[in-house]
Amino acid sequence: MEKAVKNKVAKAVVPAIDVMFQALSEFGAKVVPPKKILKMLPELFDHPDQNVRASSKGLTLELCRWIGKEPVKSILFEKMRDTMKKELEAELANVSGIAKPTRKIRSEQEKELEEEAVPETTGASTSEVAVPDAPMEIDEYDLVDPVDILTPLEKSGFWDGVKATKWSERRDAVAELTKLASTKKIAPGDFNEVSRTLKKLVTDVNLAVAVEATQAIGNLAKGLRTHFSGNSRNLLPVLLEKLKEKKPTMSEALTQTLEAMHKSGCIALLDVIEDVRVAVKNKVPLVRSLTLNWVAFCIETSNKATVLKLHKEYVPICMECLNDSTPDVRDSSFSVLTAIAKMVGMKPLERSLEKLDDVRKKKLSDMIGSATDTVLSSGTVPTSSSGAATSAREVTDSSTMRRSAASMLSGKKPIHAAAPAKKSGPAKSTAKKTDGGPQSKASAAPEIEDVEPSEMSLEEIEERLNSVVKTETISQLKSTVWKERLEAIGMLKQDVENLTELDKSAELLVRLLCAVPGWNEKNVQVQQQVIEVITYIASTVKKFPKRCVVLCLLGISERVADIKTRAPAMKCLTAFCEAVGPGFVFERLYKIMKEHKNPKVLSEGILWMVSAVEDFGTSNLKLKDIIDFCKDTGLQSSAAATRNSTIKLIGMLHKFVGPDIKGFLSDVKPALLSALDAEYEKNPFEGAAAPPKRTVRALDTASSTSAASSDGLPREDISSKITPALLKNLGSPDWKLRLESIEAVNKIVEEAHKRIQPTGTVDLFTALRGRLNDSNKNLVMATLSSIGVLASAMGPSVEKSSKGILADVLKCIGDNKKHMRECTLTALDSWVAATQLDKMVPYIAVALGDQKSGSEGRKDLFDWLSKHVSKMSDPAEALPLLKPSASSLMDKSSEVRKAAETFMNEVLKICGQAAV
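Presented here is a report on the structure given in the accompanying data block. Bear in mind the structure is a predicted one, so any value in this text is a computation, not a measurement.

### Topic: the nonpolar core
Turning to step 1, where the next piece is worked out: Counting 86 residues, the largest nonpolar core has Ile537, Phe544, Ile556, Phe576 and Val585 as the members making the most contacts within it.
Turning to step 2, where the next piece is worked out: Ignoring anything within four residues of it in the chain, the contact list for Phe544 reads Val510, Ile537, Ala538, Val549, Phe576, Ala579 and Val580.
Turning to step 3, where the next piece is worked out: Ranked by size, the runner-up nonpolar core spans 73 residues in total, among them Ile186, Val272, Trp294 and Ala296.

### Looking at helix H36 (residues 670-682)
Turning to step 1, where the next piece is worked out: Across its 13 residues, H36 extends 19 Å between first and last C-alpha, which sits within 8% of the 18 Å expected from 1.5 Å per residue.
Turning to step 2, where the next piece is worked out: Every buried residue belonging to H36 is among Leu672, Leu676, Glu679 and Tyr680, and all of these are buried. The buried residues of H36 occupy an angular sector of 105 degrees when projected down its axis, which confines them to one face. Residues of H36 that are exposed and point over 90 degrees away from its buried face: Pro670, Ala671 and Glu681.
Turning to step 3, where the next piece is worked out: Structurally, H36 contributes buried residues whose contacts are with helix H35 (640-657).

### Focus on the environment of Leu865
Turning to step 1, where the next piece is worked out: Its place among the elements puts Leu865 in helix H46 (residues 854-868).
Turning to step 2, where the next piece is worked out: Residue class for Leu865 comes out buried when judged on its relative accessible area of 0%.
Turning to step 3, where the next piece is worked out: Separated by 24 residues in sequence, Leu865 and Val841 place their C-alpha atoms 10.0 Å apart.
Turning to step 4, where the next piece is worked out: Setting aside residues no more than four positions away along its own chain, Leu865 makes contact with Leu837, Ile844, Leu848, Leu881 and Phe903.

### Overview of the side chain of Arg511
Turning to step 1, where the next piece is worked out: On the secondary structure map, Arg511 appears in helix H28 (residues 502-518).
Turning to step 2, where the next piece is worked out: On the accessibility criterion, Arg511 (7% relative accessible area) is buried.
Turning to step 3, where the next piece is worked out: With residues near it in sequence (within four places) discarded, Arg511 still touches Pro453, Ser454, Met456, Ile461 and Leu551.

### Some words on the environment of Gly490
Turning to step 1, where the next piece is worked out: Relative to the helices and strands, Gly490 resides in helix H27 (residues 482-498).
Turning to step 2, where the next piece is worked out: On the accessibility criterion, Gly490 (24% relative accessible area) is partly exposed.

### Structural notes on the side chain of Ser719
Turning to step 1, where the next piece is worked out: For Ser719, the position within the fold is in the loop between helix H37 (701-709) and helix H38 (724-729).
Turning to step 2, where the next piece is worked out: A polar contact is formed between the side chain of Ser719 and the side chain of Asp717, at a distance of 2.8 Å.

### As for helix H45 (residues 841-849)
Turning to step 1, where the next piece is worked out: Of the residues making up H45, those classed as buried are Val841, Ile844, Ala847 and Leu848. Along H45, the residues classed as buried sweep out an arc of 125 degrees about the axis, all on the same side.
Turning to step 2, where the next piece is worked out: Each element contacted by the buried residues of H45 is listed here: helix H43 (805-811), H46 and helix H47 (882-888).

### What about the pattern of salt bridges?
Close approach of charged atoms allows side chains with opposite charge to pair.
Turning to step 1, where the next piece is worked out: A full pass over the atoms with the stated rule returns 37 salt bridges.
Turning to step 2, where the next piece is worked out: For Lys478, the salt bridge goes to Glu462, with nearest N and O atoms at 2.6 Å. One end of the pair, Lys478, is in the loop between helix H26 (471-477) and H27; the other, Glu462, is in helix H25 (residues 458-464), with 16 residues separating them in the sequence.
Turning to step 3, where the next piece is worked out: The exposure class assigned to Glu462 is partly exposed, which follows from its relative accessible area of 23%.
Turning to step 4, where the next piece is worked out: Its salt-bridge partner being Arg821, residue Glu856 comes within 3.2 Å of it at the nearest N-O pair. One end of the pair, Glu856, is in helix H46; the other, Arg821, is in helix H44 (residues 818-835), with 35 residues separating them in the sequence.
Turning to step 5, where the next piece is worked out: What makes Glu856 partly exposed here is its relative accessible area of 41%.
Turning to step 6, where the next piece is worked out: According to the relative accessible area criterion, Arg821 is buried, its value standing at 6%.
Turning to step 7, where the next piece is worked out: Taken together, the shared-partner salt bridges connect Glu274, Arg277 and Glu313 into one network.

### Details of unusual backbone geometry
Turning to step 1, where the next piece is worked out: Cis geometry marks the peptide bond from Val516 to Pro517; its omega dihedral reads -5 degrees.
Turning to step 2, where the next piece is worked out: Take Pro517: it is sitting in helix H28.
Turning to step 3, where the next piece is worked out: Phi at Lys754 is positive, roughly 55 degrees, even though this residue is not glycine.
Turning to step 4, where the next piece is worked out: Mapped onto the elements, Lys754 comes out in the loop between helix H39 (735-751) and helix H40 (762-771).

### Here's the deal with the packing of H27 against helix H29 (residues 524-540)
Turning to step 1, where the next piece is worked out: With their axes 9 Å apart at the nearest point, H27 and H29 run at an angle of 15 degrees to one another. Here H27 is positioned roughly parallel relative to H29, judged by the angle of their axes. For the element pair H27 and H29, the recorded crossing hand is left-handed. Counted together, Trp482, Arg485, Leu486, Ile489, Lys493, Val496 and Glu497 of H27 and Gln525, Val526, Gln529, Val530, Glu532, Val533, Tyr536 and Ile537 of H29 form the full contact between these two elements.
Turning to step 2, where the next piece is worked out: Considered class by class, the residues forming the contact of H27 with H29 number nine nonpolar, two polar and four charged.

### Concerning the environment of Lys11
Turning to step 1, where the next piece is worked out: For Lys11, the position within the fold is in helix H1 (residues 10-27).
Turning to step 2, where the next piece is worked out: Spatially, the C-alpha atoms of Lys11 and Val52 are 8.5 Å apart, while their sequence positions differ by 41 residues.

### With respect to the packing of aromatic side chains
Turning to step 1, where the next piece is worked out: One pass over the full model with this rule turns up six aromatic pairs.
Turning to step 2, where the next piece is worked out: Considering the side-chain rings of Phe586 and Trp608, the 5.6 Å spacing of their centres and the 50 degrees angle between planes classify their relative orientation as tilted. Within this pair, whereas Phe586 is found in helix H32 (residues 582-595), its partner Trp608 is found in helix H33 (residues 599-616), the two being separated by 22 residues in sequence. Across the pair, Trp608 and Phe586 agree in class, each one buried.

Calculation criteria
- Residues numbered from 1 in each chain as written.
- Predicted model: local features only at pLDDT ≥ 70, side-chain atom pairs only at ≥ 80, totals over all residues.
- Heavy atoms only, no water.
- Core = buried A, V, L, I, M, F, W, Y, C linked by side-chain atoms within 4.5 Å.
- Buried < 20%, exposed > 50% of the residue type's maximum accessible area, 1.4 Å probe, protein only.
- Contact = heavy atoms within 4.5 Å.
- Helix = DSSP H or I, 4+ residues; strand = E, 2+ residues; numbered from the N terminus.
- Expected span 1.5 Å × (residues − 1).
- Arc of directions from axis to C-beta.
- Polar contact = N/O pair within 3.5 Å; in protein donor to acceptor, adjacent residues only side chain to side chain.
- Salt bridge = Lys/Arg side-chain N within 4 Å of Asp/Glu carboxyl O.
- Axes fitted to C-alpha atoms, helices over the stretch in contact; angles between N-to-C directions.
- Parallel < 35°, antiparallel > 145°, perpendicular 65-115°, else oblique.
- Left-handed = near helix turned anticlockwise from the far one by under 90°.
- Nonpolar A, V, L, I, M, F, W, Y, C, P; charged D, E, K, R; others polar.
- Phe/Tyr/Trp six-rings, centres within 6.5 Å; stacked < 30°, edge-to-face > 60°.

This is how it looks when you write it as structure tokens:
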């Protein structure tokens, strides 16, 4: 079609437009992509032939039926002549209603046949009511092409303007960025420096400059969306802090920008919990209240699944803010709680509400009630089935009658269009309720398991277990005589083991045991039997609900502290890990163990964690959380038993993670560090050679994928610390300034626990490469040391970020000073540990053949190779080194000849004589 509409003969263009029109009107925008049609239309509006222009107008009106008027207007009207705009505006007045496809492609027809084959369910009565289908929700962002704004920004003199001393010049420079960023879709690029500049300008002393910078951030967030997420995270604390500004222009700009950052997907509330916590503790009440207002907006515009994940973090923050001395802050906190309740119901708030006084309880209940009433009154639009059927018939009749796009302009009947996207929510939800076909199931979001157990009375549990557990057994479990309880739990154990469909009753059985005899049972034998029954259920069922784990964890952790019940309780915790994954169990145990009054719960719980890490490995654990728990709770404990248990746990982590864990514990007391070093020796790093002894039955695929794709320990993004000033100082004429910059790089890596991401390091390696040719030899050695530190901290990703810096490092091996050569070899040791020798072979082969490397340098390099070549994953990769090695056998220096011969012997050992 794209070729056909560009035909020079008008008679060939009109039929092509009619074909597109017919396809769109019959199959809809899901099958015929609107984006391609929108690209073709601007050229057709200016076509010399009147019939082509008329057909293009008709096709535009048909698009409005499917994707709404506003997206079409905003994309096309700026490319039209004024006369064409007026004509289309007049025609658009007739566009109303909802468009529906009248034909289906074969795959949809097959789905429809499958739906008809499925027997009708009990909900047939509701499906009999005809409900109009919701219009297809099309994001305008997906309909436009991205625009590059970095190139014109560079040419506009932006960088000089933002550094100007006059405020008006700074404002004009930022205004140019705001204008460029106002495009609907911005092409992704490196906006790190732009965001760093805007971060400074938001705090500019001149209000006009600060407002303009804030608006520019909002436009960038709208145009880049998720591509601006990293920069948004860095900018958020500054924007929240700036909310203290009382001027309406600044306050409005900040509100709009913060809302845009969330709506565009740049910021998720789950990722900015710490920033919000800091903001709500700000000494300025306005910052606290406006931050909470923004949180309320974010929750209101999020989906239920997201709110279910984050409410546990934000409800405690709001409860604390309800005690604020400022009324505005308290009101804003109430708004957040109302928004949460509106999204996920009252269940998450029930425990927190118990701590409130009656006045606040009533106010919150009233706010939640009024919000629910508002939703109910405004959310549903009454529609009669006959009216819906009539409109559907009109659409069907009109679409079958029309055969050409131009006929859209002369029709007297109103043209039915897609409703605006904002108003489509209720219709969409109604359609979902009535549509029971497989298509709706496929489009539904994956169900998120609710891990918080709801309240259930003992009577209800007994009633639902009536067919599974005998009434006499439950009565005996309630008995005050321990022998009767012991007999009852034994009978229950037999009943459970004989159940064929245990999965259906698993949660109810666990709830029963938590209620009677319950976790306050004093008799040890009964306790042991209860734990054994729960262990059996957890290890037998196909899917053990996480709610059951939450119900049992407090009681089981207390049983772990008791020497009489410790063994079965630990076994039960291990069964939980096999059922739901150690990550979930550990996460829940941290809080229980921190807050429990019995120190044995903490010390013995950590000892169980040692065995769990040994059994399951670290692939399913959040290592940062467990390290923080060890540092902040375990090692800080006043009880020696707890500290010793924590040291054992860290030692076990070292077995799987390796020496990199030491970087996260560098600020621990010296006495503890020496104890940790001794534990590391008992648990040497094994890595892949230490496979887990146990596996998780129902591991979440997303978590397992993320665990497999990373090396466990977190890496820090240091791109914000690699400033232009630092890079500039690395090339400064003053050698002292250059040395300070190299030391600053080492300090940045040290502060990141020697674990960094490759983001933003390309420019740093380029600057360091220049220092390898420094006239000051001490600086060259410092640079080599810094490169080695960076390689160790980055791991395998250093190869891509360094852009061949290894070739310049190897040139330093030719220096006649022994100390310089030693520094070079140390850097190579770090590099080979990060990337493996296989990747270094091409660079080393060049260095061995280069006469500038000198006899001493080549000799040292051969000696170094002889130590490392046996560790190569693929010995065949060493073969390219044979040619320079053979040449070195005829070298003038006897030491070089001897070193080359030793190396070749090593290659012969690993590759074999035939390969060599």
